[in-house]
Amino acid sequence: MSEIDLTVIGLGYVGMPLAKEAVAAGLKVVGLDVDARKVDALNEGRSYIDDLTDADLDDMLANGFTATLDPTVLARSAAIVICVPTPLDEDHRPDLSAVEGATRAVAEQLTAGTLVVLESTTWPGTTDEVARPILEKSGLVAGADFHLAFSPERIDPGNPKFGLRNTPKVVGGYTTACRDRATEFYARFVERVVPVSGTREAEMAKLLENTYRHVNIALVNEMAIFCDELGVNLWESIEAAATKPFGFQKFLPGPGVGGHCIPVDPSYLSYAVRKLGFPFRFVELAQEINERMPSYVVTRVQRLLNRDKKAVNGSKVLLLGVTYKPDIADERETPAIPVAEALMELGAVVSYADPYVKEWSVEGSPVPREEDLAKAVREADVTVLLQQHSMFDLELIEQQGRLVLDTRGVLATGERVERL
């Protein structure tokens, strides 16, 4: 009998909510990571995750949770879930080094009867073609000696309505028995588990979800560019279209896409398709459109300043909100970075205001942080609203900004305020 019900590998925005719900359901949970700073912070009750408060962590610790750097805990675990990052490398190809490293650590400690689940987003076939051979170097056979499954993470940081417990959990197993074991495991702390026929179907489900969003965001982003030229208020058109009770889902334009899911996940699907010898035109076109939005934001800033007979060079540009989502501190793949880079290259004097980001740098250079929003808005030649944090006083921005570019469609337009 294993003394640990679950070991979570990777204690980030995916692994910690999983650990939290498992502990709440009465499971004995251990968190394993290679980052000593994370392990120390968790064991001391200091959370670095938006969706996990210090109080939440205190409850977890009181109920037996512990974090460790020691991989030998894996040998004593009934279930192991891998939640490590899967970024893109410099050539925009999938980087599975963290998955491979975590899987090797599991293989070295793997015991018969263990359930191993990969949750890290990846291309269809990874669980079977990458993870399984590494795990079977232990001498144990997947589907016979241990159970192997894939269950895509669906964490939406900062979402107050849907968390891990009440978001349906897709599960695909290497064999039917693997699927059933994984389904039974997740059913202990997730309200609805959705079994599919195999690991590839589960891997594809995640990529399909985010590719769908990627393509539709690219559609409205491209429309925003030409609707501005046509003199059409796209934001109003989108709201009008959204009144249709069927056949339409509202997507909004913005300064670019951020986080892991939309900028990264579709590239994993495109990579898998290209390996077959086919282009994936929708994804590649969507990537091209969404990646050019930061430069379009800069073009609009230039136009605003020109209208006021000013050059970008030497102008004070205030960026409001530099995270990739509202009301969280997550900066992964934020479009604020390429916006700031381009403005600084043109000679703009860039500063930022963000209640969730105390320090921010671009290309290694610290960007000044404005503490007094009203003063910063009044003194900036142009203010760019990149993220609509609820703590921002929108009325103040509208009334006191000299020139304002609203990339989120939340400000009232007027003589000084333009929407993307």
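Note: the structure precedes this text.
This section reports on the structure supplied with the text. (Residues numbered from 1 in each chain as written. Predicted model: local features only at pLDDT ≥ 70, side-chain atom pairs only at ≥ 80, totals over all residues. Heavy atoms only, no water.)

### Observations regarding the overall build of the protein
Argument step 1. The helix and strand inventory of the protein stands at 13 helices and 15 strands.
Argument step 2. Its C-alpha radius of gyration of 23 Å places the protein within 12% of the 22 Å reference for a compact globule of 420 residues.
Argument step 3. The dimensions of the protein, computed from C-alpha atoms along their principal axes, are 75 × 50 × 40 Å.
Argument step 4. Within the protein, residue pairs in contact and separated by at least 24 positions form 68% of the contacts whose partners lie at least 6 positions apart.
Argument step 5. Here the protein has roughly 18,900 Å² of accessible surface; of this, 51% comes from carbon and sulfur atoms.
Argument step 6. Of the charged side chains in the protein, 43 are positive and 63 negative; the average position of the first set lies 3 Å away from that of the second. (Helix = DSSP H or I, 4+ residues; strand = E, 2+ residues; numbered from the N terminus. Rg over C-alpha atoms; globule rule 2.2 N^0.38 Å. Contact = heavy atoms within 4.5 Å. Areas by Shrake-Rupley, 256 points an atom, 1.4 Å probe, with all protein chains shown as cover. Lys, Arg positive; Asp, Glu negative; His and termini not counted. Charge placed at Lys NZ, Arg CZ, Asp CG, Glu CD.)

### What about the sheet that holds strand β14 (residues 404-406)?
Argument step 1. Reading across from one edge, β10-β9-β13-β14-β15 is the order of the five strands in this open sheet, with parallel pairing throughout. Of all strands in the sheet, those with a lone pairing partner are β10 (349-353) and β15 (417-419), marking the two edges. If you compare each strand with its neighbour and ignore which way they point, the axes differ by 20 degrees on average.
Argument step 2. Note that strand β9 (residues 316-320) and β10 share five bridges and pair parallel. From the neighbouring strand, L319 faces β10, where its bridge partner is Y352. (Pairing = 2+ DSSP bridges. Axes fitted to C-alpha atoms, helices over the stretch in contact; angles between N-to-C directions.)

### Here we look at the side chain of Q387
Argument step 1. Checked against the element boundaries, Q387 lands in the loop between β13 (382-385) and α13 (394-400).
Argument step 2. Assessed through its relative accessible area of 1%, Q387 is described here as buried. (Buried < 20%, exposed > 50% of the residue type's maximum accessible area, 1.4 Å probe, protein only.)

### With respect to the state of the cysteines
Argument step 1. One pass over the full model with this rule turns up zero disulfides.
Argument step 2. Take C178: it sits in no disulfide, and the sulfur closest to it among the cysteines is that of C83, at 18 Å. (Disulfide = S-S within 2.5 Å.)

### Re the sheet that holds strand β2 (residues 29-32)
Argument step 1. Spatial strand order, β3-β2-β1-β4-β5-β6-β7-β8: eight strands in an open sheet with mixed pairing. Across the chains shown, the open sheet's two edge strands, defined by having one partner strand only, are β3 (66-68) and β8 (193-196). On average, each strand axis in the sheet is inclined to that of its neighbour by 25 degrees, with strand direction left out of account.
Argument step 2. As defined by bridge partners, strand β6 (residues 147-150) adjoins strand β7 (residues 169-173) across two bridges and the pair is classed as antiparallel. In the strand pairing of β7, F150 is matched with G172.
Argument step 3. The strands touched by helix α7 (residues 199-230) are β6, β7 and β8; relative to β7, the strand with the most contacts, the crossing angle is about 150 degrees.

### Brief notes about the pattern of salt bridges
Argument step 1. Counted according to the given criterion, the structure contains 28 salt bridges.
Argument step 2. Where R179 meets D180, a salt bridge forms, and the shortest distance between an N and an O atom there is 3.3 Å.
Argument step 3. Taking the relative accessible area as the measure of exposure, R179 reaches 23% and is therefore partly exposed.
Argument step 4. One salt bridge in this structure joins R402 and D381, with 3.1 Å as the shortest N-O distance. (Salt bridge = Lys/Arg side-chain N within 4 Å of Asp/Glu carboxyl O.)

### Some thoughts on the side chain of T199
Argument step 1. Among the structural elements, T199 can be located in helix α7.
Argument step 2. You can call T199 buried: its relative accessible area is 6%.

### Some points on the environment of P168
Argument step 1. By the secondary structure assignment, P168 is in the loop between β6 and β7.
Argument step 2. For P168, a relative accessible area of 26% corresponds to the partly exposed category.
Argument step 3. Separated by 13 residues in the primary sequence, P168 and I155 have C-alpha atoms spaced 11 Å apart.
Argument step 4. Aside from chain neighbours lying at most four places away, what touches P168 is R154, R192 and V194.

### Notes on the environment of R369
Argument step 1. Mapped onto the elements, R369 comes out in the loop between β12 (365-366) and α12 (373-379).
Argument step 2. C-alpha of R369 to C-alpha of P355: the two residues are 14 residues apart in sequence and 9.8 Å apart in space.
Argument step 3. Discounting residues that sit within four places of it in the chain, R369 has contacts with Y352, D354, P355, V357 and K358.
Argument step 4. At 3.0 Å, the side chain of R369 forms a polar contact with the backbone oxygen of D354.
Argument step 5. A distance of 2.8 Å separates polar atoms of two side chains, one belonging to R369 and the other to E371. (Polar contact = N/O pair within 3.5 Å; in protein donor to acceptor, adjacent residues only side chain to side chain.)

### Comments concerning the environment of V232
Argument step 1. As for its placement among the helices and strands, V232 is situated in the loop between α7 and α8 (234-241).
Argument step 2. Sequence separation between V232 and R104 is 128 residues, and the spatial gap between their C-alpha atoms is 55 Å.
Argument step 3. Setting aside residues up to four positions removed in sequence, V232 forms contacts with C227 and S237.

### A few points about the nonpolar core
Argument step 1. Counting residues in hydrophobic clusters, the biggest one holds 35 residues, and the most contacted among them are M16, V29, F65, F185, Y186 and F189.
Argument step 2. Of all the secondary structure elements, the ones that give two or more residues to this core are β1 (4-9), α1 (15-24), α2 (36-43), α3 (54-62), β4 (77-82), β5 (115-118) and α6 (176-186).
Argument step 3. Residues in contact with M16, not counting those within four places in the same chain, are L11, L42, I49, L52, L57, M60 and F65.
Argument step 4. Within the second largest apolar cluster, 31 residues are counted, among which are L74, V130, I134 and L148. (Core = buried A, V, L, I, M, F, W, Y, C linked by side-chain atoms within 4.5 Å.)

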